Amino acid sequence: MKIYKSISEFLHRRDNLAELTFVPTMGNLHQGHISLIDLAKQYENEIIASIFINKLQFNNKNDYEKYPKSLESDIELLEKNGCDHLLIPDESILDSIEVIKASSKSKKLCGKNRPGHFDGVLTILNKFFKIINPKISIFGKKDYQQFLLVKEFVLNNHLNIKIIGGDTIREYSGLALSSRNNLLSETEKQIASSIYKVLTDIKSHKNLLTKELLDNKKKYLTELGFEVDYLTVCDASTLDESLSINKNGLLVAVAAKLGEVRLIDNILLTKL
Ligand code: AMP
């Protein structure tokens, strides 16, 4: 795997590289990230991952500073799993960066309590897209709103990049893998697995969804010690709240804090 520690080093080589499939990450890699590398292998391009903790997308300085880092083992993991290129830019990638404003969809779900978060995400991705010029870019559907916003951004700006979504990888307990799980104690991890149980329980009521059901589940999570940001059911395409399944399907999405750690998860419901 070729490692580039600056944008200029990468750009110097770019013209000699094959077509690329891009997997952006913030590092502290786990099997969720690796599943995206595996998905990338289904396409003929060479694979490039990036590791960059993007401060533009953090609303909380403490969260940014505490974000777990494990560069050496990340490099090993990517190498072992057949990634061809790794870009690790320094902070100068943010210099005179073009600021992108995400669409109104960014104000829903995670955007409500994290103003500017998706502007920060799209701002850095736009820069990466310009530098890397990938044919394909792969995102996890664990961050479903992000996946939708990136797809929309690429479409609206006529960027010639195919955006692909990968399924969420979970621990045996159901807990969605996340770099932030490393900040949880074993007991907290056990409690955190209730998030997925709540989602699957709501799924089992997919033809009878009610506000009362959601309120009960929210209450249950609160009693377990979560500070629930949202637990909602919405149209999987518009993200507008909805309790009845149409052709777009429904997204059951949750964000909740356990101690200082913010966790998100979701599940898709389809008509069939
Ligand atoms: P992050 O490093 O958290 O910015 O995540 C980088 C990419 O990995 C994003 O596209 C995430 O949606 C994706 N990702 C994170 N966790 C998982 C998971 N458990 N399963 C699948 N993809 C994931």
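A short tour of the structure in this document, coming up.

Criteria and thresholds
- Residues numbered from 1 in each chain as written.
- Predicted model: local features only at pLDDT ≥ 70, side-chain atom pairs only at ≥ 80, totals over all residues.
- Heavy atoms only, no water.
- Near = heavy atom within 4 Å.
- Polar contact = N/O pair within 3.5 Å; in protein donor to acceptor, adjacent residues only side chain to side chain.
- Areas by Shrake-Rupley, 256 points an atom, 1.4 Å probe, with all protein chains shown as cover.
- Helix = DSSP H or I, 4+ residues; strand = E, 2+ residues; numbered from the N terminus.
- Salt bridge = Lys/Arg side-chain N within 4 Å of Asp/Glu carboxyl O.
- Buried < 20%, exposed > 50% of the residue type's maximum accessible area, 1.4 Å probe, protein only.
- Core = buried A, V, L, I, M, F, W, Y, C linked by side-chain atoms within 4.5 Å.

Okay, the site of the ligand next. Around the ligand lies a shell of 17 residues, among which Met-26, His-33, Gly-140, Asp-143 and Leu-177 are the nearest. His-33 is positioned with one of its side-chain polar atoms (N or O) 2.9 Å from an oxygen atom of the ligand. Side-chain polar atom of Asp-143 to an oxygen atom of the ligand: 2.6 Å apart, as the coordinates give it. For the ligand, whose free accessible area comes to 480 Å², the fraction covered by protein is 91%. Broken down by secondary-structure element, the contributors of at least two residues to the shell around the ligand are β2 (20–25), α2 (31–40) and β5 (136–140).

On to the pattern of salt bridges, then. Under the counting rule described, the total for this entry stands at 17 salt bridges. Across the salt bridge formed by Asp-119 and Lys-101, the nearest N and O atoms sit 3.0 Å from each other. Within this pair, whereas Asp-119 is found in helix α6 (residues 117–132), its partner Lys-101 is found in the loop between β4 (85–87) and α5 (110–113), the two being separated by 18 residues in sequence. The salt bridge involving Asp-215 is made with Lys-211; its shortest N-O contact spans 3.0 Å. Of the two residues, Asp-215 and Lys-211 are both situated in helix α10 (residues 211–223); the distance of 4 residues between them amounts to about one turn of the helix. Looking at Asp-215, the relative accessible area reads 33%, which means it is partly exposed. In this structure Lys-211 comes out as exposed when scored by relative accessible area, which is 57%.

Time to look at the nonpolar core. Phe-10, Phe-129 and Ile-132 are the most contacted members of the largest nonpolar core, which totals 43 residues. Elements supplying a minimum of two residues to this core: α1 (7–14), β2, α6, α7 (144–156), β7 (226–235) and β8 (250–258). Sort the elements by how many residues they give to this core and α6 lands first, with 9 residues. Within the second largest apolar cluster, 24 residues are counted, among which are Val-198, Val-233, Leu-263 and Leu-269.

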